[in-house]
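Report on the structure
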Amino acid sequence: MKIMLKDGSVKEYNEAKSIFEIAKDISEGLARVACAGEVDGVLLDLRTELTHDCELTIITVTDPKALHVIRHTASHVLAEAVKRLFPNAKVTIGPAIDEGFYYDFDSDPFSREDLDRIEAEMKKIIKEGHEITRFTLPRDEAIRLMEEKGEPYKVELIQDLPQDAQISFYDQGGFVDLCAGPHLMSTKGVKAFKLTSSSMAYWRGDSNKARLQRIYGTAYNKKEELAQHLERMEDAKRRDHNRLGREMELFTTVDVIGQGLPLFTPKGTKMIMKLQRWIEDLEDNEWGYTRTRTPLMAKSDLYKISGHWDHYKEGMFVFGDEDKDKEVYALRPMTCPFQYYVYKNSQKSYRDLPCRYSETSTLFRNEDSGEMHGLTRVRQFTISEGHLIVRPDQMVEEFKNCLALAKYCLETLGVSEDVTYHLSKWDPDNREKYIGEPQVWEETQQHMRDIMNELGIPYVEDVGEAAFYGPKIDINAKNVYGKEDTMITVQWDALLAEQFDMYYIDQNGDKVRPYIIHRTSMGCYERTLAWLIEKYAGKFPTWLCAEQVRVLPISEKYEEYANDVCKKLKKAGVDATVDNRSEKIGFKIREARLDKLPYMLVVGQQEEADNTVSVRSRFAGDEGIKTLDCFIGEITQEIQNKTIRKEMPTEEKN
RNA sequence: GCUUCAUUAGCGCAGUCGGUAGCGCACUUCACUCGUAAUGAAGGGGUCAUCGGUUCGAGUCCGAUAUGAAGCUCCA
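Residues numbered from 1 in each chain as written. Chains lettered and ligands numbered in written order. Predicted model: local features only at pLDDT ≥ 70, side-chain atom pairs only at ≥ 80, totals over all residues. Heavy atoms only, no water.

**Here's the deal with the packing of aromatic side chains**
Centre-to-centre distance and the angle between the planes together describe a pair of aromatic rings. Stated precisely, the cut-off is as follows: Between the rings of Phe, Tyr and Trp (Trp by its six-membered ring), a pair exists once the centres lie within 6.5 Å; its type follows the angle of the planes, with under 30 degrees stacked, over 60 edge-to-face, and the other angles tilted. Helix and strand definitions follow DSSP, with helices as H or I runs of at least four residues and strands as E runs of at least two, each counted in order from the N terminus.
Counting across every chain of the model gives 14 aromatic pairs. Centroid distance Phe 135 to Phe 169: 5.4 Å. Interplanar angle 15 degrees. Geometry classified as stacked. With Phe 135 in strand β11 (residues 132–138) and Phe 169 in strand β12 (residues 166–172), this residue pair connects regions lying 34 residues apart in the sequence. Measuring from centroid to centroid gives 5.2 Å for Tyr 340 and Phe 500, while their planes differ by 70 degrees, and the two rings are edge-to-face.

This is the structure we're talking about:
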């Protein structure tokens, strides 16, 4: 048997060898740091016996792939510790995940104290250094073993495996768990771990099934790496928009106003208005949109035509009772049908198309109470909504333009590298969730693939994520904790025009159904602001800052000059203020820095005499003395061009 | 909607065994008139989220509700 190694060399053996033996054969040192083997691209246990020719890479502790194995083993150690301390707990599943691992138990809830106890028990198990061994059983025997051990969830898992399967188990000093592996050779290999939290999870992710208790943890090869990870989590917390946004006084929430209904303070409002004015001018002046203004509510009849009444009633705020009241109203969860009726207001010729409607549209969605989060999941929000009514022959071109506009917006905000593109498809096995014929869905999805390939945008395909009326391209971004949200969406709709009897007159004088694109340019303003807070940790590009310049007089004597400077800045369209408090200049600078202001202008005797300002910025520190006109020229350019200046590295002092 | 945890001054937090509430920042006033990350002093501010229960007595123990956080489920 020939084993091809990573460096191109070949090892030959006459008999079956475990990966561990081969590693040892290469060098004792390698065997000490080996975690697993990658055989023809598949990650396997070190104890796996190789019997055929193959390519082998020994995965050592420093390899990122080793983390997966370490974490998986850590989750088994966790399971053993829980079984020792809580013998009545039933084990279910416990995989490694991106940032660590978890294990779900059928048990009473775990408190933080429980987690600490479990963590201590895990350390004990690791110190005991049990060798981890693997064995397989035929399906029937495997089921019997798990029944004997009183683990009904494991029995259910095995029952889903094929009849003739050999079921693999891992044994660590008597604790046996059903598992496909791979695992480390010994519990000793788990060197740095921490249990981070516990929460509830449903068995098999189904809210109708048993409620389980999930324990999350993370594990690394070295203590320093674990410490770094925990430090990153701390940094994430500091950037968290829900904390930083409140701290910076951008928004707040009030108990008596309600869940998912944030209030924007003047600072937050100013930022949102800057985004909104930018987007509106951009769409209207450069991308051929016309603006509409439509009601925030409508009779239920409208939503019955659109299909939302059947597909989305639970998510709407409805006024009145259908059985009792003659008319039932609902706040709008979307803008589509309103803009369709704007289209239908007059008869359209093929020459009128494409018809690009845009609206800064406030929407209401009655999300479940547990779904709300800061500014990213709210019950009332405002989006840069748009609908394009186009001829079929214009569809591809217009769809492309929508994506181009989205891309332009992302680039301007400096976040184009932070997104992933998703082709959200229908689910052919769940037909009742969608309207229209399968053939239309498949065709449309192919069109969208072609467009993405032509634009050279990498994307992934998600089954079952489509709107009920058509597939879409979602542009998603991750928050500081790694959770994904949709920022921008462009949706292909060849169906709703029929429901609303929309048409145009073609060259031959015939009525023809248009296609519709539902799209956002920069999506939801609340969510975008949240994203920007986290992306920039509150240090926004100058053009977006609610306060762009603060004038700091050295003492009250120079207040008048400071006010003059401020007035001139404001006249030039710069958001400026004066810090007139009778404080020392050092104190004012400290506060302005903590407020993450882009520019401070220090003015005193000298500046007043020369009509200059002493510039201090977030980007370059002390920028020296400039004439006021020179500074105004520079900053207005920076604002107009939406320049993103490079931040100066700083150590934050407290 | 589900599970767990939390809610004390505008914000961040302490509050021991159940005995009637404190710190820092902020705010107000006064003095200082200052040159690049905290000048000093004095003062005001609380129905301890809300409602109910246990108790001679509840910020503290119990229950319900509201709001928030993490996770699950959901997100047309």
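**Description of the sheet that holds strand β33 (residues 599–603)**
Going by this rule: Any two strands are treated as partners once DSSP identifies two or more bridges connecting them. Axes here refer to lines fitted to C-alpha atoms; in helices the fit is confined to the stretch in contact. Angles between the N-to-C directions go from 0 to 180 degrees.
An order of β32-β31-β33-β34-β35 is seen for the five strands of this open sheet, with the pairing classed as mixed. Of all the strands in the sheet, just β32 (576–578) and β35 (621–627) have a single pairing partner and so form its edges. Neighbouring strand axes in the sheet, compared pairwise and without regard to direction, differ in orientation by 25 degrees on average. Direction of pairing for strand β31 (residues 549–553) relative to β32: parallel, over a ladder of three bridges. Across the sheet, residue Val 551 finds its bridge partner in β32, namely Val 578.

**As for the protein's contact with RNA strand B**
Note the cut-off: A cutoff of 4 Å decides nearness: a residue is near a molecule or strand if any of its heavy atoms lies inside that distance of it. Whenever a nitrogen or oxygen atom comes within 3.5 Å of another N or O atom, the pair is scored as a polar contact, on the condition that within protein one atom can donate a hydrogen and the other can accept it, and that pairs from neighbouring residues in sequence are kept only if both atoms are in side chains. Each residue gets one label: Ala, Val, Leu, Ile, Met, Phe, Trp, Tyr, Cys and Pro are nonpolar, Asp, Glu, Lys and Arg are charged, and the others, such as Gly, are polar.
RNA strand B sits among 54 residues. The nearest are Asn 242, Arg 365, Ser 369, Ala 467 and Phe 468. Counting only atoms of RNA strand B within 4 Å of the protein, the sugar-phosphate share comes to 50%. His 373 is positioned such that a nitrogen or oxygen atom in its side chain is 3.1 Å from a phosphate oxygen of RNA strand B. One of the side-chain N or O atoms of Arg 593 is found 2.9 Å from a base nitrogen in RNA strand B. Considered class by class, the residues forming the surface near RNA strand B number 16 nonpolar, 20 polar and 18 charged.

**Some thoughts on the packing of helix α5 (residues 139–148) against helix α6 (residues 152–159)**
How we decide: Any angle between 65 and 115 degrees counts as roughly perpendicular, while under 35 counts as roughly parallel, over 145 as roughly antiparallel, and the rest as oblique. In this scheme the handedness of a crossing depends on how the near helix is turned from the far one: anticlockwise by less than a right angle means left-handed, clockwise means right-handed. It only takes one pair of heavy atoms within 4.5 Å for two residues to be counted as in contact.
In the contact formed by α5 and α6, the axes pass within 8 Å of each other and the chain directions differ by 170 degrees. One finds that α5 runs roughly antiparallel with respect to α6. The way α5 lies across α6 gives a crossing that is left-handed. Where α5 approaches α6, its residues Arg 139, Ala 142, Ile 143, Met 146 and Glu 147 are matched on the opposing element by Lys 154, Val 155, Ile 158 and Gln 159. Residue composition of the contact of α5 with α6, grouped by class: five nonpolar, one polar and three charged.

**Quick notes on a nonpolar patch on the surface**
How we decide: Only residues whose relative accessible area exceeds 30% and that take part in no salt bridge are eligible for patches, with like-charged residues grouped when within 9 Å of each other and nonpolar side chains (Val, Leu, Ile, Met, Phe, Trp, Tyr) grouped when within 5 Å. Surface accessibility follows the Shrake-Rupley procedure with a 1.4 Å probe radius. Residue values consider only the protein chains on display as shielding. Salt bridges are identified by distance alone: a Lys or Arg side-chain nitrogen within 4 Å of an Asp or Glu carboxyl oxygen.
Among the surface-exposed residues, Val 254, Val 256, Ile 257 and Leu 263 lie close enough to one another that they form a single nonpolar patch of about 340 Å² accessible area. Along the chain, Ile 257 falls in the loop between β16 (251–252) and β17 (263–264).

**Re the sheet that holds strand β4 (residues 34–39)**
The strand order β2-β1-β7-β4-β5 describes an open sheet built from five strands, whose pairing is mixed. On the outer flanks of this sheet lie β2 (10–12) and β5 (42–44), each paired with one strand and no other. This sheet shows a mean twist of 35 degrees between the axes of neighbouring strands, independent of strand direction. Inspection of the sheet shows strand β1 (residues 2–5) paired to strand β7 (residues 54–60) by three bridges, in the parallel sense. Directly across from Leu 5, in β7, lies its bridge partner Leu 56. Packed on one face of the sheet, helix α1 (residues 19–26) meets β1, β2, β4, β5 and β7 and runs near 75 degrees to β7. Sheet strands touched by helix α3 (residues 64–85): β4, β5 and β7. Its angle to β4, the strand with the most contacts, is close to 110 degrees.

**Things to note about empty space enclosed by the protein**
Test applied: Buriedness for pockets is judged along seven lines, at least five of which must meet protein on both sides within 12 Å for an open set on the 1 Å grid over protein atoms alone, while cavities are sets there where a 1.4 Å probe fits but cannot get out, and lining residues have an atom within 4 Å of a point. Grid points are joined across faces, edges and corners, and a volume is the space filled by probe spheres set on the points.
Across all of its chains, the model carries three cavities of 30 Å³ or more by this definition. Considering only enclosed or pocket space, the largest cavity measures out at about 90 Å³ in volume. In terms of lining, the largest cavity is formed by 13 residues, of which the most central are Met 248, Lys 267, Cys 545, Ala 546 and Asp 595. The residue inventory of the lining of the largest cavity, partitioned by class, reads eight nonpolar, one polar and four charged. Each pocket or cavity is described by its volume, and for the second largest cavity that value is around 80 Å³. Together, His 241, Thr 376, Ala 477, Lys 478, Asn 479, Lys 483, Asp 485, Met 487, Arg 527, Ala 530, Trp 531 and Glu 534 line the second largest cavity. Elements represented by at least two residues in the lining of the second largest cavity include exactly β26 (472–478), β27 (484–493) and α16 (525–536). It is α16 that provides the largest number of residues to the lining of the second largest cavity, a total of four residues. When its residues are assigned to classes, the lining of the second largest cavity shows four nonpolar, three polar and five charged.

By themselves, these figures tell us nothing about what the structure is for.
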